[in-house]
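# Structure assessment
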Amino acid sequence: MIIVYSVATLGILGLIYGLGLAYASRKFHVEVDPKIEKITEILPQANCGACGYPGCSAYAEAIVNNGVDINKCAPGGSAVLGQISKIMGVEATATERKVALIHCQSGGSNNTFFRYKYEGIPTCKAAVQLSNGPNLCNYGCVFQNDCLEACNFDAIHLDENGMRIIDKEKCTSCGACVKACPRDLIELVPVKKRVHVLCSSQDKGAVARPACGNKTACIGCGLCVKKCPVDAITLNNNLAVINYEKCINCGQCADVCPTAAIFDPLKEVRAKKKAEAKAKAEAAKKKVEAAKQKAAEDKE
């Protein structure tokens, strides 16, 4: 009999609570703008935080309720931007696409020097806490792959030399890798810019050179600053820094850099053309000299 009473009591209490919740749901119901739901469905659901909000739904709500710019979703790109603009009835103004850039060319034991072998917790944050990291360069990559783990789009890989490589096609500029790197080696840069300083060392040349096994450390010589025709490079704490808003991709800074700290994929092309032009000029000079010599001999 006690069991029957207990079951009945629980059933009555459940009914009362259920009715109470139903009433509260109707009483305190807040209408959600259907635009928020539509935009949320369109967003890629990466919840990466690149837009400045904790998730896609929060960003959608901010767009509808607070008039936040609709071009803040980096993973969604122009396709998502166009759809949101139709929903909101506003003009879509796309921002220049950016991709992650690692300001370091070290990777693996073949092109950097170590002060000790790290065998601790396999994270970059942990590695830099132990005597400032295993590698001699106090500003370089410590090879524990926090950036790879943070990337949700498979846009960072290791090459055969242990270099961390950014896949520009897959990178959505979400910024997760930027936040994950404890040495601030990663920056989001305009995808159309091809000239980059691939170093973060703030040491003077005498210290930077021997610490970088592949001889790509910035030594703060300032040659790039003097050579840049548009004042797009400054020297901050012995490190060359490019202002991408001013940079015109001329690559002259890369041509004069004595340590290959500044990368430009067209550097070799320019060097080859310069060598060919020089060889052509020398050949023409020899031809003229030969013609003069012949004319002199004929005159005699």
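Structure's up top.
What you are looking at is a predicted structure, and each value in this text was computed from that prediction instead of being measured. (Residues numbered from 1 in each chain as written. Predicted model: local features only at pLDDT ≥ 70, side-chain atom pairs only at ≥ 80, totals over all residues. Heavy atoms only, no water.)

### Some words on the overall build of the protein
Within the protein, the regular secondary structure consists of eleven helices and eight strands. Burial analysis of the protein (300 residues in total) assigns 35% to the buried set. Sequence-distant contacts, at least 24 apart, represent 55% of the contacts inside the protein between residues at least 6 apart. Accessible surface computed for the protein: about 18600 Å², of which carbon and sulfur atoms make up 56%. (Helix = DSSP H or I, 4+ residues; strand = E, 2+ residues; numbered from the N terminus. Buried < 20%, exposed > 50% of the residue type's maximum accessible area, 1.4 Å probe, protein only. Contact = heavy atoms within 4.5 Å. Areas by Shrake-Rupley, 256 points an atom, 1.4 Å probe, with all protein chains shown as cover.)

### Regarding the packing of helix α2 (residues 34-42) against helix α3 (residues 56-66)
Relative to each other, α2 and α3 sit at 135°, their axes nearing to 8 Å. Relative to α3, α2 is oriented oblique. The two elements α2 and α3 cross, and the hand of that crossing is right-handed. Residues Lys-35, Ile-36, Ile-39 and Thr-40 of α2 form the contact with α3, whose own contacting residues are Ser-57, Ala-60, Glu-61, Ile-63, Val-64 and Asn-65. Its residues placed into classes, the contact of α2 with α3 shows five nonpolar, three polar and two charged. (Axes fitted to C-alpha atoms, helices over the stretch in contact; angles between N-to-C directions. Parallel < 35°, antiparallel > 145°, perpendicular 65-115°, else oblique. Left-handed = near helix turned anticlockwise from the far one by under 90°. Nonpolar A, V, L, I, M, F, W, Y, C, P; charged D, E, K, R; others polar.)

### A short note on α2
Burial in α2 covers these residues: Ile-36, Ile-39 and Thr-40. Burial along α2 is one-sided: seen end-on, the buried residues are contained in an arc of 105°. Pointing more than 90 degrees away from the buried face of α2 are the exposed residues Pro-34 and Glu-41. (Arc of directions from axis to C-beta.)

### Let's talk about the packing of α2 against helix α4 (residues 77-88)
Two elements in contact, α2 and α4, have axes whose closest approach is 10 Å; the angle formed by their N-to-C orientations is 170°. Of the possible angle classes, the one that applies to α2 and α4 is roughly antiparallel. From α2, Lys-35, Lys-38, Ile-39 and Ile-42 reach across to α4, where they touch Val-80, Gln-83, Ile-84, Ile-87 and Met-88. In terms of residue class, the contact of α2 with α4 is made up of six nonpolar, one polar and two charged.

### Quick look at the nonpolar core
By size, the foremost hydrophobic cluster in this structure holds 40 residues, and its most contacted members are Ile-186, Val-197, Ile-233, Ile-242 and Ile-262. Counting residues per element, this core draws most heavily on strand β1 (residues 98-102), which supplies four residues. Setting aside anything within four residues of it in sequence, one finds Val-197 in contact with His-103, Leu-239, Ala-240, Ile-242, Ala-261 and Ile-262. One finds Ile-36, Ile-39, Leu-43 and Cys-73 within the second-largest nonpolar core, a separate group that totals 16 residues. (Core = buried A, V, L, I, M, F, W, Y, C linked by side-chain atoms within 4.5 Å.)

### Examining the side chain of His-196
With respect to the helices, strands and loops of the structure, His-196 is situated in strand β5 (residues 196-197). Engagement of the side chain of His-196 in a polar contact is seen with the backbone oxygen of Lys-193, the distance being 3.0 Å. Reaching out from His-196, the side chain makes a polar contact with the side chain of Tyr-244 at a distance of 2.8 Å. Apart from the residues lying within four places of it in its own chain, the contact partners of His-196 are Leu-101, Val-189, Ile-242, Tyr-244, Ala-261, Ile-262 and Phe-263. (Polar contact = N/O pair within 3.5 Å; in protein donor to acceptor, adjacent residues only side chain to side chain.)

### So, the environment of Cys-224
In this fold, Cys-224 is placed in helix α9 (residues 223-227). Exposure remark for Cys-224: the relative accessible area of 6% places this residue in the buried category. When residues no more than four places from it in sequence are discounted, the contact partners of Cys-224 are Ile-233, Ala-240, Cys-253, Val-256 and Ile-262.

### Some points on the pattern of salt bridges
Tallied over the entire structure, the rule returns five salt bridges. Taking the shortest distance from any N to any O, the salt bridge between Glu-119 and Lys-117 comes out at 3.8 Å. Side by side, Glu-119 and Lys-117 carry an identical accessibility label, which is exposed. When the shortest N-O distance is used, the salt bridge between Asp-154 and Lys-170 registers 3.1 Å. (Salt bridge = Lys/Arg side-chain N within 4 Å of Asp/Glu carboxyl O.)

### Structural notes on the pairing of strand β7 (residues 239-242)
With four bridges connecting them, strand β6 (residues 233-236) and β7 associate as antiparallel partners. For Thr-234, the partnering residue across the bridge sits in β7 and is Val-241. In this structure, the hairpin formed by β6 and β7 is closed by a connection of two residues, where Asn-237 is found at a positive phi of approximately 50°. (Pairing = 2+ DSSP bridges.)

### Points about α4
Here α4 spans 17 Å end to end across twelve residues, near enough to the 16 Å set by a 1.5 Å rise per residue. Within α4 the residues assigned to the buried category are Val-80, Leu-81, Ile-84 and Ser-85. Along α4, the residues classed as buried sweep out an arc of 140° about the axis, all on the same side. Away from its buried face, by an angle of more than 90 degrees, α4 presents the exposed residues Ala-79 and Lys-86. Buried residues in α4 make contact with α2 and α3. Phi turns positive one or two residues past the end of α4, at Gly-89, with a value near 70°. (Expected span 1.5 Å × (residues − 1).)

### Some remarks on the state of the cysteines
Covalent bonding between the sulfur atoms of two cysteines is what defines a disulfide. As enumerated under the stated definition, the model contains zero disulfides in all. In this model Cys-171 remains outside any disulfide bridge; the closest cysteine sulfur is found in Cys-177, 6.2 Å from its own. You can call Cys-171 buried: its relative accessible area is 9%. Cys-218 provides the cysteine sulfur closest to Cys-199, a residue in no disulfide bond, and the two sulfurs are 5.6 Å apart. (Disulfide = S-S within 2.5 Å.)

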